[in-house]
Amino acid sequence: MHSPKCFIIYREQIIEMFDHAYGSYMKYAYPADELMPLSCKGRVRGQEPNRGDIDESLGKFSLTLIDTLDTLVVLNKLDEFEEAVRKVVRDIRLDNDVVVSVFETNIRVLGGLLGAHVMADLFRQQGERMQWYRDELLHMAKDLGHRLLPAFNTTSGLPYPKINLRYGVLNPLSRIGTETDTCTACAGTMILEFAALSRLSGDSVFEKHARKALDVLWNRRQKESDLVGTVINIHNGEWIRRDSGVGAGIDSYYEYLMKAYILLGDHVFLERFNIHYNAIMKYISQPPLLLNVHMHNPTVSVRSWMDSLLAFFPGLQVLRGDLKPAIETHEMLYQVTKQHKFLPEAFTTEFRVHWGQHLLRPEFAESTYYLYKATGDHYYLRVGQSIVEKLNVYARVPCGFAAVQDVRTGTHEDRMDSFFLAEMFKYLYLLFSEKSQLPINIDDYVFTTEAHLLPVSLSTKQPPCQDNMTVSPQHNTFNFILSMDLLKPLIEIELPLHDNGMESVEFLKSMGISLMPLNEAMAGRVYQIKLVAELSQTNEEEEVVPHIVQLISPPFLGRTVLTAGPAKFGMDLTKQEHGVKGRVVKALPYTACGPLKNTIEIKGHIALALRGVCMFAAKARHLQDAGATGVIFIDHREGSNSNDSPLFQMVGDGGSTADITIPLVFLFSCEGQILLDALEEHHNVDVLLLPQERQLGQAQKSSNGRMTTGLSTVLHPRQQIQDAAALQPAMG
């Protein structure tokens, strides 16, 4: 069906808008990662005020240019595409000492390089363009893939959320490596790019790791509801946030299951998607709404608002062939845009603004495109027309297009994210174009979540590895590649590993072994260390029993209560009716990994010891031998706390721990610092170690979520910080 003449003008208008946005980036910002459209300059990491996690998309690799490469092809700007590829090959480095998001770097940069390589290779084979091209973009993609691989060195196989492009994760210079959790989408949105990289380069390692991450998420789904949570611990696979929806934090996990089947032809992905989809339609879909539920109790909605990222979901439903709910949800979203000009970042079931920001996100345009192609209904062209007009009227500025800080006021924000050029203009141009007007056959490609183009012909390309093995939960391993100047063959060493993997890392460092990223380690002799985790397996519903350290001496008198984790060995505090009481004494040395220098002070008291260097069991034996009546281990990772990190049960060293009979508990860094501060100020501090449910006093939950007792109000560190901040004047 031909587009009606009254809509043809919009295709030309979209090209003009793209020229304005892309031209502004190249004129004012390149080689910076992004354009600041109000300042008419580039955003360079470290030269502008830090925006937190948002800036982890920026890697000093001309992000917007890489993200835009295959958009140039779709819009038939082939001369500009060839020129841009030359710039990327000539100017861009990927070995920068910068911490980036694994998820964002994968979908934007790796996906951008792969999509552009596929286009460049196609034109080269056609014999008209790119005759100079020798797979440079594919080589860059493989280099970047190897720089991302160390993120998968976790106990579970789920990737770390961040990585240093030069130093990896565990190198002391990386400035990261203490992260404990990631979002479901972050771990589950790797398979398209990594599998494409494996099949285009012939190196199986990328697809293998991406498949493993998907296996873990699938195996950790709630078996009764078939839903997944939003945030998961990368070391032990426990869910941190258990709300389940189709928007932020989960969205592209479901998208990539469906698209992995389309791209790779592996039916296991379709089977998993269909099981999840049935659960979504049973519990989350309340047509036309899509509301988050608790994965373990999915019959109750956990919030009354939706986020704008779920706007992709009608497009995914079109791919599945489920048009009726797709049409209903899309229409609901359209009504929200009519009321507020754009989709707010979050909005209520009554369409009121929950978060007013609009970042020029493309998901609504994406679903509009899919619905028009599926139905041929010109109504969706009119929806596209409204998107184009509102962008021009409310987001256009002299140096590009600016995000809207608040849709209620129309004020702008000095940002134009790379996805605006990568996705928005692709979908809008395709919406108003016939296939014959495109330089490629668009049906030959799968869109990644960043709208990069990967060929469906990869499904007929023999994968370099056939195994889709899920590691047994009883015997988890992960591998480090180590560079050692020794002329010996490849060897494998097995070491015990705790739930989060950190104790053996410390042990390796104490042996003088430096942990290095894979690509840098290959320069020397390569050895493989296998770290064997003996994880305590529990039923999915079983929770770690929270313990507490309650400060009972004056002036605390039970009012200060610190959340603690238990141990799988030593005295079982759940069987001690009144807990264990004692005065706390700091061990010397603080790590308690060698002979203690203050055995007289420790005898008869509860010892404080710092985590790290040696195993929990070794510390416990040293302290028990010194006469300690209990041990409180304090985390060595600065800033860790029980709000952001899941409680876990400390485990032994792989051998018998029956000789350890004293009680052992674990405090994260923030809770431990509270205890250390109390000890420094008051010198004599008595504590009570016991399960949280037996806390001294009559406990009940107050309406604000804090646990209150007859003696105290218990605050986690974040609550203490927030409450203190409320009493302080604002500070920069």
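Not measured: the values here are computed from a predicted model.

1. Observations regarding the overall build of the protein chain
Line of reasoning, step 1. For the protein chain, the count of helices and strands is 21 helices and 34 strands.
Line of reasoning, step 2. With 732 residues in all, the protein chain has 59% of them scored as buried.
Line of reasoning, step 3. Excluding contacts between residues fewer than 6 apart, the proportion of contacts in the protein chain whose partners are at least 24 apart in sequence is 72%.
Line of reasoning, step 4. When the accessible surface of the protein chain is summed, it comes to about 29100 Å², and 51% of that surface belongs to carbon and sulfur atoms.

2. So, the packing of aromatic side chains
Line of reasoning, step 1. Within this structure, the stated rule accounts for 29 aromatic pairs.
Line of reasoning, step 2. When the ring of Tyr427 is compared with that of Phe447, the centres are 5.4 Å apart and the planes differ by 55 degrees; the resulting orientation is tilted. Taken together, the residues span a long stretch of sequence, with Tyr427 in helix H15 (residues 418-431) and Phe447 in strand E20 (residues 445-447) at a distance of 20 residues. Summarising the burial analysis for this pair, Tyr427 and Phe447 share the class buried.
Line of reasoning, step 3. Between Phe648 and Phe666, the aromatic rings sit 5.1 Å apart at their centres with planes inclined by 50 degrees, giving tilted as the arrangement.

3. Comments concerning the UniProt feature "binding site: Ca(2+)" (unreviewed entry) in the protein chain
Line of reasoning, step 1. The UniProt feature table records "binding site: Ca(2+)" (unreviewed entry) at Thr449.
Line of reasoning, step 2. Relative to the helices and strands, Thr449 is located in the loop between E20 and strand E21 (453-455).
Line of reasoning, step 3. In contact with Thr449, not counting residues within four places along its chain, are Ile107, Thr189, Ser252, Glu255, Tyr256 and Glu423.
Line of reasoning, step 4. Within the local environment of Thr449, its side chain forms a polar contact with the side chain of Glu255, the two groups lying 2.9 Å apart.

4. So, the sheet that holds strand E27 (residues 580-586)
Line of reasoning, step 1. Read from one edge to the other, the open sheet built from 7 strands follows the order E26-E25-E31-E27-E28-E29-E30, with strand pairing classed as mixed. This sheet does not close on itself; its edge strands, each paired only once, are strand E26 (560-564) and strand E30 (664-667). Recorded for the sheet is a direction-independent mean angle of 35 degrees between the axes of neighbouring strands.
Line of reasoning, step 2. Strand direction decides the pairing type here: E27 and strand E28 (residues 606-610), joined by 3 bridges, are parallel. Each bridged residue has a counterpart across the sheet, and for Val584 the counterpart in E28 is Ile606.

5. Some remarks on the nonpolar core
Line of reasoning, step 1. If you look at the biggest cluster of nonpolar residues, it comprises 159 residues, and the most contacted ones within it are Phe81, Leu113, Ile191, Leu391 and Phe401.
Line of reasoning, step 2. Per-element accounting of this core gives the leading share, 12 residues, to helix H4 (residues 102-126).
Line of reasoning, step 3. Looking at this core, you find at least three residues from each of domain 1 (22-179) and domain 2 (180-302).
Line of reasoning, step 4. Those residues in contact with Leu113, other than ones at most four positions away along the chain, are Ile66, Val88, Leu94, Leu137, Met140, Ala141 and Leu144.

6. Considerations on the side chain of Asp67
Line of reasoning, step 1. With respect to the helices, strands and loops of the structure, Asp67 is situated in helix H2 (residues 63-74).
Line of reasoning, step 2. A polar contact of 2.7 Å, which involves the side chain of Asp67, links it to the side chain of Ser418.
Line of reasoning, step 3. Of the polar contacts made by the side chain of Asp67, one reaches the side chain of His452; its length is 2.7 Å.

7. Some points on the environment of Asn50
Line of reasoning, step 1. Note on placement: Asn50 falls in the loop between strand E2 (41-43) and H2.
Line of reasoning, step 2. On the basis of relative accessible area, Asn50 is assigned to the exposed category, the value being 65%.
Line of reasoning, step 3. From its side chain, Asn50 meets the backbone nitrogen of Gly52 in a polar contact 2.5 Å long.

8. A few points about the pattern of salt bridges
Line of reasoning, step 1. One pass over the full model with this rule turns up 38 salt bridges.
Line of reasoning, step 2. Residue Lys41 is joined to Glu48 by a salt bridge in which the shortest nitrogen-to-oxygen separation is 3.1 Å.
Line of reasoning, step 3. On the basis of relative accessible area, Lys41 is assigned to the partly exposed category, the value being 36%.
Line of reasoning, step 4. Between Asp307 and Arg303 there is a salt bridge; the shortest N-O distance is 3.1 Å.
Line of reasoning, step 5. Owing to a relative accessible area of 6%, Asp307 belongs among the buried residues under this scheme.
Line of reasoning, step 6. Among the residues examined, Arg303 registers a relative accessible area of 17% and is labelled buried.

9. As for the pairing of E27
Line of reasoning, step 1. Bridge count between E27 and strand E31 (residues 686-691): 4 bridges; the pairing is antiparallel. Bridging from a neighbouring strand, Gly582 pairs with Val687 of E31.

Reading the values: rules and limits
Residues numbered from 1 in each chain as written. Predicted model: local features only at pLDDT ≥ 70, side-chain atom pairs only at ≥ 80, totals over all residues. Heavy atoms only, no water. Helix = DSSP H or I, 4+ residues; strand = E, 2+ residues; numbered from the N terminus. Buried < 20%, exposed > 50% of the residue type's maximum accessible area, 1.4 Å probe, protein only. Contact = heavy atoms within 4.5 Å. Areas by Shrake-Rupley, 256 points an atom, 1.4 Å probe, with all protein chains shown as cover. Phe/Tyr/Trp six-rings, centres within 6.5 Å; stacked < 30°, edge-to-face > 60°. UniProt positions renumbered as here; feature names shortened; annotations may be inferred. Polar contact = N/O pair within 3.5 Å; in protein donor to acceptor, adjacent residues only side chain to side chain. Pairing = 2+ DSSP bridges. Axes fitted to C-alpha atoms, helices over the stretch in contact; angles between N-to-C directions. Core = buried A, V, L, I, M, F, W, Y, C linked by side-chain atoms within 4.5 Å. Domains from an automatic or database assignment. Salt bridge = Lys/Arg side-chain N within 4 Å of Asp/Glu carboxyl O.

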